Amino acid sequence: MCGIGGMILNNERVEPHALVRMCDAMAHRGPDGRGVYAKKNLGLAHTRLSIIDLEGAKQPMHSSCGQYIITYNGELYNYKVLRQELESIGENFSLNSDTEVVLYAYKVWGEACLNKFRGMFSFAIVDHKKQFLFCARDHFGIKPFVYVKNSRGFFFGSELSLFTQQPLISLTIDFSALDKYLWLGYIPTPLTIYNEAKKLPPGHSMTVDFSGKIIQQQEYFFPIPVEREEWHSEDEWIERMEEVLEESVAVHCQADVPFGAFLSGGIDSTLISGYMKKVSGVKQTYTMGFNSNTMDETPYAKIAGETLGLDLNIERVPNIDLDLFHRVIERMDEPFGDSSIVPTYQVCNIARKHAPVALSGDGGDEFFLGYPRYYRWDKKLKTRLGVSRLKGLILPWAHRLNPS
């Protein structure tokens, strides 16, 4: 992952050291390089984790005409196809970088470029031609984008930590957001733990003029439920699912650095690891073991690894201690109630010893019913539907008796 940041001040000049401070705050996101751009009241910051075009693609990146400048965090899986399309209409490229494709896609198609992107991203593009900053976050919000608008200007970045170290920003706890955290276990978009900071929602873009005023924030993507398609046999559905999974893993295996996959032996990580080997030949997987019979997943990972012919890197971790919790909390912007963040942090540390990139299966358990609790979901849903119908009959009469 990379880190992005920047600011537009109302009536002040952006000093480079303020942008360097932003880079320092997100140095862990991009250990391979950093850069800043400052002109008058506008500035961009970037820290880089090199995945594609290791020597080039330094940021903030300028277009050849000088009208557009980008700070970008992400990976565009269809960048090669888009590059060919842009070259066919006369655009020239000097790098083998998805960042450059994003920049020139915006130059040619403007805000409509988002409809052509397939990937995970958050970015900000300075548009000197239109005199505004164009910001966007990917369709499902995989990459973060947070911002502050106050009397001094507009500030944005990959993490809230960029704002906590800015003297131009004062932050106070949002107790409404804290209430939602205690209810949900996380703080939902667009809220953050601070009153003054907000998250740009997934599938949204935002334009900010050169005075720091937010012109508009708009949704460019929302997942629309698909109407019931023609019926297929179970074998036909399995075949279609296999095609989609293989194609999806294939486009994720684009990197100029070593990569692998997390493997727990569960449905999602086993599928992804197997397809990774099939489409790329890469067999490296990473598994974490615990000294606990109830938590240790290494027996399942070994079965999956041996069955699929994968190279399994297993590392056993000691019992969780308070020092580990401290390190994890240091990397969290705000309260987050999922305890799996701790083992996730540990398995990432294991994988990082071997490769800077790893595929994972977030969301797969929900989609493929990866835990026993999902088996009971259908039964519970039917029960709740019956209760809902009963409530529908009773509540109107109860409301007449006691409106509260």
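Here's what I pulled together on the structure shown here. Only a predicted model underlies this, so the values are computations on that prediction, with no experimental measurement involved.

As for the overall build of the protein chain
(1) Moving on: The number of helices and strands found in the protein chain is 13 helices and 16 strands.
(2) Moving on: For the protein chain, whose C-alpha radius of gyration is 24 Å, the value lies close to the compact-globule estimate of 22 Å for 404 residues.
(3) Moving on: Seen through its principal axes, the protein chain has C-alpha atoms that stretch 70 × 60 × 55 Å.
(4) Moving on: A burial count over the protein chain gives 44% of its 404 residues as buried.
(5) Moving on: Split by element, the accessible area of the protein chain, about 22,200 Å² in all, is 55% carbon and sulfur.
(6) Moving on: Side-chain charges in the protein chain split into 43 positive and 49 negative, and the spacing between the mean points of these groups amounts to 5 Å.

With respect to the nonpolar core
What tends to happen in soluble globular proteins is that the nonpolar side chains get buried as a cluster.
(1) Moving on: Core analysis: the biggest nonpolar cluster contains 26 residues, and Ile70, Leu76, Leu114, Phe117, Phe121 and Phe123 have the highest contact counts within it.
(2) Moving on: At the level of secondary structure, the elements contributing two or more residues to this core comprise β5 (68–76), α2 (79–88), α3 (98–109), β6 (119–127) and β7 (132–137).
(3) Moving on: It is α3 that contributes the most residues to this core, six residues altogether.
(4) Moving on: Discounting residues that sit within four places of it in the chain, Ile70 has contacts with Leu44, Gln59, Pro60, Met61, Thr99, Val102, Leu103, Phe123, Ala124 and Ile125.

So, a nonpolar patch on the surface
(1) Moving on: Taken together, the side chains of Trp183, Leu184, Tyr186 and Phe336 make up a nonpolar region of the molecular surface, amounting to roughly 450 Å² of accessible area.
(2) Moving on: Inspection of the secondary structure assignment puts Tyr186 in the loop between α5 (175–184) and β10 (197–199).

Brief notes about the packing of helix α6 (residues 234–252) against helix α7 (residues 267–280)
(1) Moving on: Taken N-terminus to C-terminus, the directions of α6 and α7 make an angle of 70 degrees; their axes are 9 Å apart at the nearest point. It follows from the interaxial angle that α6 and α7 lie roughly perpendicular. α6 and α7 meet at a crossing whose hand is right-handed. In contact with Glu242, Leu245, Glu246, Val249 and Ala250 of α6, α7 contributes Leu271, Ile272, Tyr275, Met276, Lys278 and Val279.
(2) Moving on: By residue class, the composition of the contact of α6 with α7 is eight nonpolar, no polar and three charged.

Let's talk about the sheet that holds β6
(1) Moving on: Taken together, the six strands give an open sheet; going across it, the order is β4-β5-β6-β7-β11-β12, and neighbouring strands pair in antiparallel fashion. Whereas interior strands pair on both sides, the edge strands pair on one side only; in this sheet they are β4 (61–62) and β12 (214–219).
(2) Moving on: Pairing of β4 with β5 involves two bridges; the strand directions are antiparallel. Bridge pairing in β5 links His62 to Ile69.

Focus: the pattern of salt bridges
Pairing between side chains of opposite charge can happen when the charged atoms of each approach one another.
(1) Moving on: Taken as a whole and judged by the stated rule, the model has 10 salt bridges.
(2) Moving on: In this structure, the salt-bridge partner of Arg118 is Glu247, at a minimum N-O distance of 2.8 Å. Of this pair, Arg118 sits in the loop between α3 and β6 while Glu247 sits in helix α6, and the two are 129 residues apart along the sequence.
(3) Moving on: Relative accessible area serves as the criterion here: at 35%, Arg118 is assigned to the partly exposed category.
(4) Moving on: Residue Lys353 is joined to Glu315 by a salt bridge in which the shortest nitrogen-to-oxygen separation is 2.9 Å. Pair noted here: Lys353 is in the loop between α10 (341–352) and β16 (357–359) and Glu315 is in strand β15 (residues 311–316), with a separation of 38 residues, a long-range link.
(5) Moving on: The class for Lys353 is exposed, based on a relative accessible area of 59%.

What about the pairing of strand β9 (residues 153–157)?
(1) Moving on: Summarising burial for β9: five of the five residues are buried, a large majority.
(2) Moving on: Residues Gly153, Phe155 and Gly157 of β9 are buried on one face, and the alternating residues Phe154 and Phe156, pointing to the opposite face, are buried as well.
(3) Moving on: Strand direction decides the pairing type here: strand β1 (residues 3–9) and β9, joined by five bridges, are antiparallel. Bridged to Gly6 within β9 is Phe156.
(4) Moving on: Where strand β8 (residues 146–150) and β9 come together, five bridges link them in antiparallel fashion.

With respect to α10
(1) Moving on: Helix length check: α10 (12 residues) gives 16 Å between terminal C-alpha atoms against 16 Å at 1.5 Å per residue, within 8%.
(2) Moving on: All of the buried residues along α10 are Val342, Gln346, Val347, Ile350 and Ala351.
(3) Moving on: Where α10 is buried, its residues contact β13 (259–262), β14 (284–289), β15 and α9 (322–330).

Brief notes about the environment of Asp209
(1) Moving on: Inspection of the secondary structure puts Asp209 in strand β11 (residues 204–209).
(2) Moving on: Taking the C-alpha atoms as reference points, Asp209 and Phe154, 55 residues apart in sequence, are found 9.6 Å from one another.
(3) Moving on: Dropping the residues within four chain positions of it, Asp209 is found in contact with Ile8, Gln131, Phe132 and Ile215.

Here we look at unusual backbone geometry
The general pattern is negative phi for most residues beyond glycine and trans for most peptide bonds.
(1) Moving on: Here the bond from Gln59 into Pro60 is cis, since omega is -5 degrees, no more than 30 degrees from zero.
(2) Moving on: You can see Pro60 is positioned in the loop between β3 (42–48) and β4.
(3) Moving on: Between Thr189 and the following residue, Pro190, the backbone shows a cis peptide bond with an omega angle of 10 degrees.
(4) Moving on: By the element assignment, Pro190 lies in the loop between α5 and β10.
(5) Moving on: Despite not being glycine, Lys40 has its phi angle at roughly 55 degrees, a positive value.
(6) Moving on: Looking at the element boundaries, Lys40 is found in the loop between β2 (33–39) and β3.
(7) Moving on: Given a relative accessible area of 55%, Lys40 falls into the exposed group.
(8) Moving on: We note that Gln131 has phi near 65 degrees; this positive angle belongs to a residue other than glycine.
(9) Moving on: Summarising the element assignment, Gln131 is placed in the loop between β6 and β7.
(10) Moving on: Judged by relative accessible area, Gln131 falls into the partly exposed class, the value being 43%.

Calculation rules
Residues numbered from 1 in each chain as written. Predicted model: local features only at pLDDT ≥ 70, side-chain atom pairs only at ≥ 80, totals over all residues. Heavy atoms only, no water. Helix = DSSP H or I, 4+ residues; strand = E, 2+ residues; numbered from the N terminus. Rg over C-alpha atoms; globule rule 2.2 N^0.38 Å. Buried < 20%, exposed > 50% of the residue type's maximum accessible area, 1.4 Å probe, protein only. Areas by Shrake-Rupley, 256 points an atom, 1.4 Å probe, with all protein chains shown as cover. Lys, Arg positive; Asp, Glu negative; His and termini not counted. Charge placed at Lys NZ, Arg CZ, Asp CG, Glu CD. Core = buried A, V, L, I, M, F, W, Y, C linked by side-chain atoms within 4.5 Å. Contact = heavy atoms within 4.5 Å. Patch = residues over 30% accessible without salt bridge, like charges linked within 9 Å, V, L, I, M, F, W, Y side chains within 5 Å. Salt bridge = Lys/Arg side-chain N within 4 Å of Asp/Glu carboxyl O. Axes fitted to C-alpha atoms, helices over the stretch in contact; angles between N-to-C directions. Parallel < 35°, antiparallel > 145°, perpendicular 65-115°, else oblique. Left-handed = near helix turned anticlockwise from the far one by under 90°. Nonpolar A, V, L, I, M, F, W, Y, C, P; charged D, E, K, R; others polar. Pairing = 2+ DSSP bridges. Expected span 1.5 Å × (residues − 1).

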